Amino acid sequence: QVQLEESGGGLVQAGGSLKLSCAPSGGTFSLGRMGWFRQAPGKDREFVAAIKWIGGLTSYADSVKGRFTISRDNAKNTVYLQMNSLKSEDTAVYYCAASSSWWGSYDYWGQGTQVSVSS
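Residues numbered from 1 in each chain as written. Predicted model: local features only at pLDDT ≥ 70, side-chain atom pairs only at ≥ 80, totals over all residues. Heavy atoms only, no water.

1. A closer look at the sheet that holds strand β7 (residues 68-73)
Here is step 1 of the chain: With respect to topology, four strands assemble into an open sheet ordered β1-β3-β8-β7, the strand pairing being antiparallel. Each having just a single partner strand, β1 (3-7) and β7 make up the two edges of the open sheet. Strand after strand, the sheet turns through a mean of 20° between neighbouring axes, direction not considered.
Here is step 2 of the chain: As paired elements, β1 and strand β3 (residues 18-25) share five bridges and run antiparallel to each other. Looking at β3, one finds that E5 is bridged to A23. (Pairing = 2+ DSSP bridges. Helix = DSSP H or I, 4+ residues; strand = E, 2+ residues; numbered from the N terminus. Axes fitted to C-alpha atoms, helices over the stretch in contact; angles between N-to-C directions.)

2. A few points about the packing of aromatic side chains
Here is step 1 of the chain: As enumerated under the stated definition, the model contains four aromatic pairs in all.
Here is step 2 of the chain: Between the aromatic rings of F37 and Y106, the centroid separation amounts to 5.3 Å while the plane-to-plane angle is 85°, which identifies the pairing as edge-to-face. Of this pair, F37 sits in strand β4 (residues 33-39) while Y106 is found in the loop between β9 (92-99) and β10 (108-109), placing the two residues 69 residues apart along the sequence.
Here is step 3 of the chain: Every member of this aromatic cluster is reached through a ring pair, and the members are F37, F47, Y106 and W109.
Here is step 4 of the chain: Across from the ring centre of Y106, 4.1 Å away, lies the NZ or CZ of R33, which sits over that ring. (Phe/Tyr/Trp six-rings, centres within 6.5 Å; stacked < 30°, edge-to-face > 60°. Lys NZ or Arg CZ within 6 Å of the ring centre and 35° of its normal.)

3. Description of the pattern of salt bridges
Oppositely charged side chains are able to pair whenever their charged atoms sit close together.
Here is step 1 of the chain: All told, the structure shown has four salt bridges when counted by the stated rule.
Here is step 2 of the chain: For K65, the salt bridge goes to D62, with nearest N and O atoms at 3.2 Å. In terms of burial, K65 and D62 fall into one category: exposed.
Here is step 3 of the chain: A salt bridge links D90 to R67, with the shortest nitrogen-to-oxygen separation between them at 2.8 Å. Of this pair, D90 sits in the loop between β8 (78-83) and β9 while R67 is found in the loop between β6 (58-60) and β7, placing the two residues 23 residues apart along the sequence.
Here is step 4 of the chain: Classification of D90 as buried rests on a relative accessible area of 1%. (Salt bridge = Lys/Arg side-chain N within 4 Å of Asp/Glu carboxyl O. Buried < 20%, exposed > 50% of the residue type's maximum accessible area, 1.4 Å probe, protein only.)

4. Section: the nonpolar core
Here is step 1 of the chain: Grouped together as the largest cluster of nonpolar side chains are 29 residues, with contacts concentrated most on M34, W36, V79, L81, M83 and Y94.
Here is step 2 of the chain: At the level of secondary structure, the elements contributing two or more residues to this core comprise β3, β4, β5 (46-52), β7, β8, β9 and β11 (113-118).
Here is step 3 of the chain: Looking at this core element by element, the count peaks at four residues for β9.
Here is step 4 of the chain: With sequence-adjacent residues up to four places away left out, M34 is seen in contact with L4, C22, A50, I51, W53, I70, N77, V79, C96, A97, A98 and Y106. (Core = buried A, V, L, I, M, F, W, Y, C linked by side-chain atoms within 4.5 Å. Contact = heavy atoms within 4.5 Å.)

5. A look at the environment of G9
Here is step 1 of the chain: Residue position: G9 is located in the loop between β1 and β2 (10-13).
Here is step 2 of the chain: The exposure class of G9 is partly exposed, given its relative accessible area of 34%.
Here is step 3 of the chain: Along the chain, G9 and S116 lie 107 residues apart, while their C-alpha atoms are 8.0 Å from each other.

Structure follows, in structure tokens:
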């Protein structure tokens, strides 16, 4: 079974930075795009960023534009989320997701990694 393994979460001060990583394990699949979502306590899951594997076209939520950068390593099937100028509002569990197509629903999800920003 394909699993997505996340790393890089932690506790940081407001204004600081974190870099999240996500890579598949346990199997192989055709990778169309990967993305990041987050869920804060008491709130619904929200989209953060996504990247198409071929071409590298990116998309960001308005709340993180200019602060977060999504990137990928095609050889490793790994996606990264560089988070700069972190705010307390960014505190959430961050989930990695992958889709076998560039257009369809996400097929695989990570277990989530906690990002906590203190002010």
